[in-house]
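# Observations on the three-dimensional arrangement
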Amino acid sequence: GEDVEQSLFLSVREGDSSVINCTYTDSSSTYLYWYKQEPGAGLQLLTYIFSNMDMKQDQRLTVLLNKKDKHLSLRIADTQTGDSAIYFCAPAGNMLTFGGGTRLMVKP
Amino acid sequence: KAGVTQTPRYLIKTRGQQVTLSCSPISGHRSVSWYQQTPGQGLQFLFEYFSETQRNKGNFPGRFSGRQFSNSRSEMNVSTLELGDSALYLCASSLTGGGRGTEAFFGQGTRLTVV
């Protein structure tokens with residue numbers, strides 16, 4: 001099955017950029033998603049990238065995909081305290097497979 | 001448009017008991033997937049139902065089962081509960097299945113505590 005790895009924790013200062021990284025094993029993943037989970041809530045889709053793209057930008061979010069290295073990253077520009085949450089990457093073939101999540105803490 | 005509704009939100013059960021969780025997907029969505037979220041194991045896929053048929057299954061014991069009704073509502077059942085089943089159970093609905101380029105919408109989850 002698919003293995004998805006993420007670092008557990010990231011701490012940044014408000015206004016800085018955050019970069020959350022993800023590595024995966026299944027090269028057949030067609031879509032690669034980023035989800036956000038706030039305390040006590042379900043998961044919210046942030047953005048996704050199709051496997052034939054290298055980069056996708058959506059307002060403050062930039063997704064980079066290195067398909068050769070099976071590496072996906074999410075960059076959040078001008079990080080705000082409201083961005084504090086757990087971020088999950090989820091490569092998808094027939095179904096979504098989630099990484100363990102990266103807890104982002106934004107300090108004022 | 002109503003979101004994904006999971007009931008109950010919180011549940012406390014005793015070891016050995018069984019439990020049924022419910023998920024009502026967004027109207028028109030035919031795919032319902034279930035996930036178990038624990039601090040140690042992260043989010044793990046349980047199963048996916050599409051048009052009343054189980055389409056994918058994760059690596060969980062047979063104590064975990066599910067079904068989907070003709071109105072796309074889904075139930076998940078866990079029999080002979082163990083302490084390790086304590087988790088947040090999340091349900092996701094989508095038009096065709098979350099891995100096929102259509103967005104999967106998640107409910108707020110059911111927090112199950114087994115004592």
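Throughout what follows, the structure given in this document is the object of discussion. (Residues numbered from 1 in each chain as written. Chains lettered and ligands numbered in written order. Predicted model: local features only at pLDDT ≥ 70, side-chain atom pairs only at ≥ 80, totals over all residues. Heavy atoms only, no water.)

What follows concerns the pattern of salt bridges. Opposite charge on two side chains permits pairing when their charged atoms draw close. What the rule picks out here adds up to eight salt bridges over all chains. Between Asp-69 of chain A and Lys-68 of chain A there is a salt bridge, and its shortest N-O distance comes to 3.6 Å. Look at Lys-68 of chain A and you get exposed, because its relative accessible area is 73%. A salt bridge links Glu-82 of chain B to Arg-63 of chain B, with the nearest nitrogen and oxygen atoms 3.6 Å apart. Of this pair, Glu-82 of chain B sits in the loop between strand 8 (74-78) and strand 9 (87-94) while Arg-63 of chain B sits in the loop between strand 6 (53-57) and strand 7 (64-68); the two residues are 19 residues apart in sequence, bridging distant segments of the chain. (Salt bridge = Lys/Arg side-chain N within 4 Å of Asp/Glu carboxyl O. Buried < 20%, exposed > 50% of the residue type's maximum accessible area, 1.4 Å probe, protein only. Helix = DSSP H or I, 4+ residues; strand = E, 2+ residues; numbered from the N terminus.)

Before going further, it helps to spend a moment on the state of the cysteines. In the structure shown here, the tally under the stated rule is two disulfides over all chains. Here Cys-22 of chain A connects covalently by a disulfide to Cys-89 of chain A, the sulfurs 1.8 Å from one another. Residue Cys-22 of chain A is found in strand 3 (residues 18-24), and its partner Cys-89 of chain A is found in strand 9 (residues 85-92); the two are separated by 67 residues along the sequence. Overall, the relative accessible area of 1% leaves Cys-22 of chain A in the buried class. The disulfide partner of Cys-23 of chain B is Cys-91 of chain B, and the gap between their sulfur atoms is 1.7 Å. Of the two residues, Cys-23 of chain B is situated in strand 3 (residues 19-24) and Cys-91 of chain B in strand 9; the sequence distance between them amounts to 68 residues. (Disulfide = S-S within 2.5 Å.)

Quick look at the side chain of Ser-72 of chain B now. Along the polypeptide, Ser-72 of chain B turns up in the loop between strand 7 and strand 8. Residue contacts for Ser-72 of chain B: discarding those within four places in its chain leaves Pro-25, His-29, Arg-30 and Val-32 of chain B. (Contact = heavy atoms within 4.5 Å.)

Residues and elements named next belong to chain B. Counting residues in each nonpolar core, the largest one holds 21 residues, and the members touching the most others are Trp-34, Leu-46, Phe-64, Met-76 and Tyr-89. When residues of this core are traced back to their parent elements, those giving at least two are strand 3, strand 4 (31-38), strand 5 (42-50), strand 8, strand 9 and strand 11 (110-114). Apart from residues no more than four positions distant in its own chain, Leu-46 is found in contact with Trp-34, Tyr-35, Gln-36, Lys-57, Gly-58, Phe-60, Phe-64, Met-76 and Tyr-89. (Core = buried A, V, L, I, M, F, W, Y, C linked by side-chain atoms within 4.5 Å.)

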